[in-house]
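# Notes for the structure review
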Amino acid sequence: MWRNIAGFSKAAAATAAARTHGSRRCLSTAIPGPCIVHKRGADILHDPWFNKDTGFPLTERDRLGLRGLLPPRVISFEQQYARFIESFRSLERNTQGQPDNVVSLAKWRILNRLHDRNETLYYRVLIDNIKDFAPIIYTPTVGLVCQNYSGLYRRPRGMYFSAKDKGEMMSMIYNWPAHQVDMIVITDGSRILGLGDLGVQGIGIPIGKLDMYVAVAGINPQRVLPIMLDVGTNNQKLLQNPLYLGLRQPRLEGEEYLEIVDEFMEAAFTRWPKAVVQFEDFQAKWAFETLDRYRKKFCMFNDDVQGTAGVALAGLLGTVRAQGRPLSDFVNQKIVVVGAGSAGLGVTKTAVQAVARMAGISFAEATKNFYLIDKDGLVTTERSKLDPAVVPFAKNPAEIREGASIVEVVKTVRPHVLLGLSGVGGIFNEEVLKAMRESDSCKPAIFAMSNPTLNAECTAADAFKHAGENIVFGSGSPFEHVQLENGNVGHVNQANNMYLFPGIGLGTLLSGARIVTDGMLLAAAECLASYMTDEEVQKGILYPSINNIRHITAEVGAAVLRAAVTDDIVEGHGDVGPRDLSHMSKEETVDYITRNMWFPIYSPLVHEK
Ligand SMILES: NC(=O)c1ccc[n+]([C@@H]2O[C@H](COP(=O)([O-])OP(=O)(O)OC[C@H]3O[C@@H](n4cnc5c(N)ncnc54)[C@H](O)[C@@H]3O)[C@@H](O)[C@H]2O)c1
Ligand SMILES: O=C(O)C[C@H](O)C(=O)O
Ligand SMILES: [Mg+2]
C-alpha cells in the first residue's frame, strides 16, 4: 500500500474487473425497460439506434410494421454477435500476408459498417473485445482512417461547422436530431495525432474518442456528438486534392479563428447547457489559448494537454514505485521530456507542480530536475524568441549548452525517465537508448508516447534491446509485449490518455459540475496512479490492462465526481441533486457511476405517433 501524492486518499483499488451493466436508456435492471420509437417499418431498420436486424422478435415485427421486411427466422443477439465475430475472424484469415495498412482499413470498414447498421451490436462487440478493437477504432488505425478520410467517406457522422457558417451556428446546432447531448468532442483537425494538419479529415478523431466514451465510460451513444470545426487547412496536398471534402482555403488565424470557436461554444451550450466538451488535437497555440479562454466559462477540458498530463503523471509515479522507492523520491527523479507542444508542456507543468507540492518548494525550484527538448534541441534561457510557455522550464546554458541534442542531454543528465511527445518516429534511436543504460536509475523508464505507431519515438523491442531489459516501457500506441533474452517478458504499457479522458468526462457529467477544475484532474491522475498493486508495478505494469478499462474508468469517474463535490461546483444530474452527491461515500459514488453507465442490450420497442 502506498499513499498518493497529495496524501489524502487511500491506495490501490481492487483490480478485479467488475462488469458494469446498465440497460439501454434506463438504469440497470434485469429486464430492460421499453424504448419509445416514433417511426415504423423500414425507417426503423435504417436507424442504427433502433435496428435489431434479424433479431426483431415476431411480436415486435407485428407491432412495428416489419413483417415481411426481414427473413422469417428470428436470430438471437448471441447468434448475431457470433456471426459478426466469425465474419471478422474470416476477414483476418483472408487478409493474411497483405500489407498492414490494407488489413487495418479492411477491419475498420467492417466495424464501421456495423456501426452504421446496428449500434447495439456494434458497441457490444466493442466492449467485449476492446483489446482487439481499440487499435482499429482508436489509435493507430484511426490515424490511417483520417489520412484517407475523403476516399473512405460514405455517410456523415457528427456535425461540421465551417468558416462559411459564421453567424449561422446558433440555428445550425438545432439540426442535430438528438434532443439531449452529454458529451461533445471537438477538433479543428490542425494536429491529428503526430500526422499534422489533416483539415476536415480529422473528424475521425472525435468519432474514435466518442466510441471510446460509449464503450469504456458507458456514455449513451444517442447523446454523443463529434464536431469538426473546419476553418481551412494549410496542408497543400489536401488543398490540391480534388476529392478533399473540407474548405479549400488556408486556415483562419487570430481573431477570425477565435470568433468561429466562440460562436460554436455559445451555440452548443445554449442548446445543451449540461454538456461536457472535450477539445482534441488542436495545434498547441490554439490548444492553450482555447483552454485559457473557456475553462472558467464552460464545462470543457483539453484532452491532449490535461488528459495526457494525468496519464503521464500516473506513469511517472509508477516508475518511482517500480524502482522500489517511496513515492516521496519522485522529487529526485531527473526527467527529460522531448517535445514541448500541447502534450509535452502539459505533462511537464503537471509533473513540476506535483514535485513542488510534494517537496513543499516553489514551482521554479521544482523545475530543477526537468529538461525540455524541442525541435531545436534543449531549451535554455539563451534561446532567442523563447516561447513564453516554455520560459519556466528553460535551463541555464552553463549546465548544458543551448540546443543540445537528445543524446547529449541523456549522457550528461543520466535521467531516470526519458519521455517523448514529439510526434517524430524513431528519434529515440539506438544511440539515445544505449545512453539510457547509464541512467542513475536502477530501472530507467522510457515513454515513447507519440501516436500513431510509426510516430512513436521508438519501438518496444528496440527500447528493451538497446536500453536494457530492466527498463520500464510505455507507448502511446499499442505494441506487443517483448520476449526478453533473460526469459522474462518486457511489459508494454499503453501510456495513452484513453485511461483518463473517459472517466474525466463521465465524472464531470454525472456530477453536473459547472467547470472542470485542477482538483478534478488531479483526482483522476491519482486514482489511476494508485490503481495497480505494488506487485504489478514491480513487474513494470503501470496501467491496468485495457480489458479492465471500463472498471478503471468508473473509479476515475467517481474520483472526479468527489473532487467536484469538494470544489463545491456540482449542480447534480437528473434526479440526483448536489446534496445527494455530497452525502455519498466513496463506494456509493462508484456504485452511482456504474449504475449510470449505458450497456448495450436490445430493449422492447414500443411505437408512439
Ligand atoms: N500518448 C498520449 O496519450 C498522447 C497524448 C497527446 C499527444 N500525444 C502525441 O504526442 C505528439 C505531440 O503532440 P503535441 O500536441 O504536443 O504536438 P505539438 O505539435 O504541439 O508539439 C510537438 C513538439 O515536438 C517538438 N519536436 C518536433 N520535432 C522534434 C525533434 N526532432 N526533436 C525534438 N522535439 C521535436 C516540437 O518542437 C514541439 O515542441 C503527437 O504524436 C501526439 O499523437 C500522445
Ligand atoms: O488519440 C490518442 O491516441 C492520444 C492522443 O490524444 C493523441 O493526440 O495522440
Ligand atoms: Mg489527442
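From a predicted model like this one, the values you see are computed outputs, not experimental measurements.

### Describing the nonpolar core
Here is a general trend for soluble globular proteins: nonpolar side chains tend to be buried in one another's company. Ile184, Phe264, Met265, Phe330, Leu419 and Phe447 are the most contacted members of the largest nonpolar core, which totals 175 residues. A per-element tally of this core places helix H23 (residues 549-566) first, with 11 residues. Of all hydrophobic cores here, the second largest spans 30 residues; its members include Leu378, Ala448, Ala460 and Val492.

### Some details on the sheet that holds strand E5 (residues 276-279)
A sheet is described by the order of its strands in space; here five strands give the open sequence E2-E4-E3-E5-E6, paired in parallel fashion. Each end of this open sheet is capped by a strand with a single partner; those strands are strand E2 (159-162) and strand E6 (300-302). Looking at each pair of strands side by side, their axes are set apart by 20° on average, direction ignored. Summarising the sheet, E5 and E6 pair through three bridges and their orientation is parallel. Each residue of the ladder has a partner; that of Gln278, found in E6, is Phe301. Each of E5 and E6 is contacted by helix H14 (residues 303-322), which is oriented at about 75° to E6, the strand it contacts most. Packing against the sheet, helix H20 (residues 501-511) makes contact with strand E3 (183-187), E5 and E6, and its axis sits at approximately 155° to E5.

### Observations regarding the site of ligand 2
Close contacts around ligand 2 come from Tyr138, Thr139, Arg191, Leu193, Lys209, Glu280, Asp281, Asp303, Asp304, Asn451, Asn496 and Asn497, and that covers them all. Here an oxygen atom of ligand 2 sits 2.9 Å away from a polar atom, N or O, in the side chain of Glu280. Within the side chain of Asn451, an N or O atom sits 2.8 Å from an oxygen atom of ligand 2. Relative to its free-state accessible area of 260 Å², ligand 2 is covered by the protein chains to the extent of 92%. Tallied by class, the residues present in the shell around ligand 2 amount to two nonpolar, four polar and six charged.

### Points about the site of ligand 1
In the neighbourhood of ligand 1, 27 residues make up the surrounding shell, with Arg191, Ala340, Ser342, Ala495 and Asn497 lying closest. Here an oxygen atom of ligand 1 and a backbone polar atom of Asn497 are 2.9 Å apart. Among the elements of the structure, H14 and helix H15 (342-359) are those that each provide at least two residues to the shell around ligand 1. No other element matches H15, which puts three residues into the shell around ligand 1. Among the residues forming the shell around ligand 1, the class breakdown is 10 nonpolar, 13 polar and four charged.

### Section: the domain arrangement of the chain
If you check the domain split of the chain, you get domain 1 (34-137), domain 2 (153-298), domain 3 (312-496) and domain 4 (500-595). Relative placement of domain 3 and domain 4: their C-alpha centres are 27 Å apart. If you look at the interface, domain 3 gives 18 residues, while domain 4 gives 14 residues. Summing both partners gives a buried area of about 1,300 Å² for domain 3 against domain 4, and 57% of it is carried by carbon and sulfur. In terms of surface lost to domain 4, no three residues of domain 3 exceed Ala314, Arg321 and Asn493, which account for 40% of the buried area on that side. In this structure, the connection of domain 3 to domain 4 is made through one salt bridge. Counting every contact that joins domain 3 to domain 4 gives nine residue pairs in polar contact (both at pLDDT 80 or more). Of all the elements in the fold, those that place two or more residues in the side of domain 3 that touches domain 4 are H14 and strand E15 (492-494).

### Examining the side chain of Lys395
Structurally, the position occupied by Lys395 is in the loop between strand E9 (377-378) and helix H17 (406-413). Buried charged residue Lys395 carries no salt bridge. Nearest counter-charge: Glu399, at 4.4 Å. Polar side-chain contacts of Lys395 include one of 2.8 Å to the backbone oxygen of Lys368. The residues touching Lys395, leaving out its near neighbours within four places in the chain, are Thr367, Lys368, Asn369, Phe370, Tyr371, Leu378, Val379, Thr380 and Thr381.

Parameters and conventions
- Each chain has its residues counted from 1, following the order in which its sequence is written.
- By the order in which they are written, chains take letters starting at A while ligands take numbers starting at 1.
- In keeping with the model being predicted, local features are shown solely for residues with a pLDDT of at least 70 and side-chain atom pairs are shown and tallied solely at 80 or more, while totals for entire chains, interfaces and linings include all residues.
- Working from all heavy atoms in the structure, the side-chain values ignore hydrogens and water.
- Only buried residues count toward a nonpolar core, which is a set of Ala, Val, Leu, Ile, Met, Phe, Trp, Tyr and Cys residues joined through side-chain atoms within 4.5 Å.
- Only protein chains enter the area calculation, which uses a 1.4 Å probe; residues under 20% of their type maximum are buried, those over 50% are exposed, and those in between are partly exposed.
- Each helix is a run of DSSP H or I of at least 4 residues and each strand a run of E of at least 2, with the numbering of both proceeding from the N terminus.
- Paired strands, in this sense, are two strands between which DSSP finds at least two bridges.
- Interaxial angles span 0 to 180 degrees and are taken between N-to-C directions of axes, which are lines fitted to C-alpha atoms, for helices over the stretch in contact.
- Between two residues, a contact is recorded if the distance between any of their heavy atoms is within 4.5 Å.
- Residues are classed as near a molecule or strand on a simple rule: at least one heavy atom within 4 Å of it.
- Pairs of N or O atoms are called polar contacts if they sit within 3.5 Å, as long as, within protein, a hydrogen donor faces a hydrogen acceptor (for residues adjacent in sequence, only side-chain-to-side-chain pairs).
- Working definition of accessibility: Shrake-Rupley area with a 1.4 Å probe, residue cover restricted to the visible protein chains.
- Residue polarity is assigned by list, with Asp, Glu, Lys and Arg as charged and Ala, Val, Leu, Ile, Met, Phe, Trp, Tyr, Cys and Pro as nonpolar; anything else, Gly included, falls into the polar class.
- Residue ranges assigned to the domains are those given by an automatic or database domain assignment.
- For any pair of parts, buried area is found by adding up, for both, the accessible area (1.4 Å probe) each one loses once the two are put together.
- Any carboxyl oxygen of Asp or Glu within 4 Å of a side-chain nitrogen of Lys or Arg constitutes a salt bridge here.
- We treat Lys and Arg as the positive residues and Asp and Glu as the negative residues; His and chain ends play no part in the count.

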